[in-house]
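# Topology and contacts: notes
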Amino acid sequence: MNHYQIVKEVINDWDPKHLLRYTSEDEDEPEISRIVLLLPTATSVEKLAVVIHEVFDKMFSVRKVHSINNCYPSALKIWNKINSSEFTNVKKRHNF
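Residues numbered from 1 in each chain as written. Predicted model: local features only at pLDDT ≥ 70, side-chain atom pairs only at ≥ 80, totals over all residues. Heavy atoms only, no water.

### So, the side chain of Ser74
- One can find Ser74 in helix H4 (residues 68-93).
- Judged by its relative accessible area of 5%, Ser74 is buried.
- The contact partners of Ser74, leaving out residues within four places of it in the chain, are Val10, Trp14 and Ile52. (Helix = DSSP H or I, 4+ residues; strand = E, 2+ residues; numbered from the N terminus. Buried < 20%, exposed > 50% of the residue type's maximum accessible area, 1.4 Å probe, protein only. Contact = heavy atoms within 4.5 Å.)

Dropping the structure here:
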């Protein structure tokens, strides 16, 4: 699974704008794409939560709904999925 797919899965599961039941699953595509572009700047789960918060805050200015505390669980899921998938890929390449 690539980074875009991982971020999309987690953000869609979270549904931070609570719109997916009314719209297509591509509703958060602009935000997901921005988060993926900023992944290299997120060197920890905490920094990834800040990235997610800043992306949604910039796009919607809804600080209360998207506080960093609300972003942390999704950041943790993304962080764990990316790191576990990258470790799996290294294991496959080196036949561990």
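That shown, we press on.
### Considerations on helix H3 (residues 45-60)
- With 16 residues, H3 should cover 22 Å at 1.5 Å per step; its first-to-last C-alpha distance of 22 Å lies within 8% of that length.
- Inspection of H3 places Val45, Leu48, Ala49, Val51, Ile52, His53, Val55, Phe56 and Asp57 among the buried residues, and these make up the whole buried set. (Expected span 1.5 Å × (residues − 1).)

### Let's talk about the pattern of salt bridges
- Evaluation of the coordinates by the stated rule reveals 2 salt bridges.
- As a salt-bridge pair, Lys81 and Glu9 come within 2.1 Å of each other at their nearest N and O atoms. Note that Lys81 is positioned in helix H4 and Glu9 in helix H1 (residues 3-14), a separation of 72 residues in sequence.
- With a relative accessible area of 31%, Lys81 lands in the partly exposed category.
- Residue Asp13 is joined to Lys77 by a salt bridge in which the shortest nitrogen-to-oxygen separation is 3.8 Å. Taken together, the residues Asp13 in helix H1 and Lys77 in helix H4 connect sequence positions 64 residues apart.
- For Lys77, a relative accessible area of 43% puts it in the partly exposed group. (Salt bridge = Lys/Arg side-chain N within 4 Å of Asp/Glu carboxyl O.)

### As for the packing of helix H2 (residues 29-38) against H3
- At a minimum axis distance of 10 Å, the contact between H2 and H3 shows a crossing angle of 145 degrees. Where H2 crosses over H3, the handedness of that crossing is right-handed. Of the residues in H3, those touching H2 at Pro30, Glu31, Arg34, Ile35 and Leu38 are Leu48, Val51, Ile52, Val55, Phe56, Lys58, Met59 and Phe60.
- Taken together, the residues that form the contact of H2 with H3 break down as 10 nonpolar, no polar and 3 charged. (Axes fitted to C-alpha atoms, helices over the stretch in contact; angles between N-to-C directions. Left-handed = near helix turned anticlockwise from the far one by under 90°. Nonpolar A, V, L, I, M, F, W, Y, C, P; charged D, E, K, R; others polar.)

### So, the confidence of the model for the protein
- Here the protein shows a mean pLDDT of 83. Residues at 70 or above account for 77%.
- Ignoring residues within four places in sequence, the model shows residues 90-96, a span with pLDDT below 50, making 2 contacts including any to other chains. (pLDDT = per-residue confidence, 0-100.)

### Concerning the environment of Cys71
- Within the element layout of this structure, Cys71 appears in helix H4.
- Taking the relative accessible area as the measure of exposure, Cys71 reaches 0% and is therefore buried.
- Measuring from C-alpha to C-alpha, the distance between Cys71 and Leu48 comes to 8.6 Å, with 23 residues separating the pair along the chain.

### A closer look at the packing of H1 against H2
- Relative orientation of the contacting elements H1 and H2 amounts to 130 degrees, with a least axis distance of 9 Å. By the angle class used here, H1 and H2 are oblique. Crossing of H1 against H2: the hand is right-handed. Side by side, H1 and H2 meet where His3, Tyr4, Val7, Lys8, Ile11 and Asn12 of the first sit next to Glu29, Ile32, Ser33, Ile35 and Val36 of the second. (Parallel < 35°, antiparallel > 145°, perpendicular 65-115°, else oblique.)

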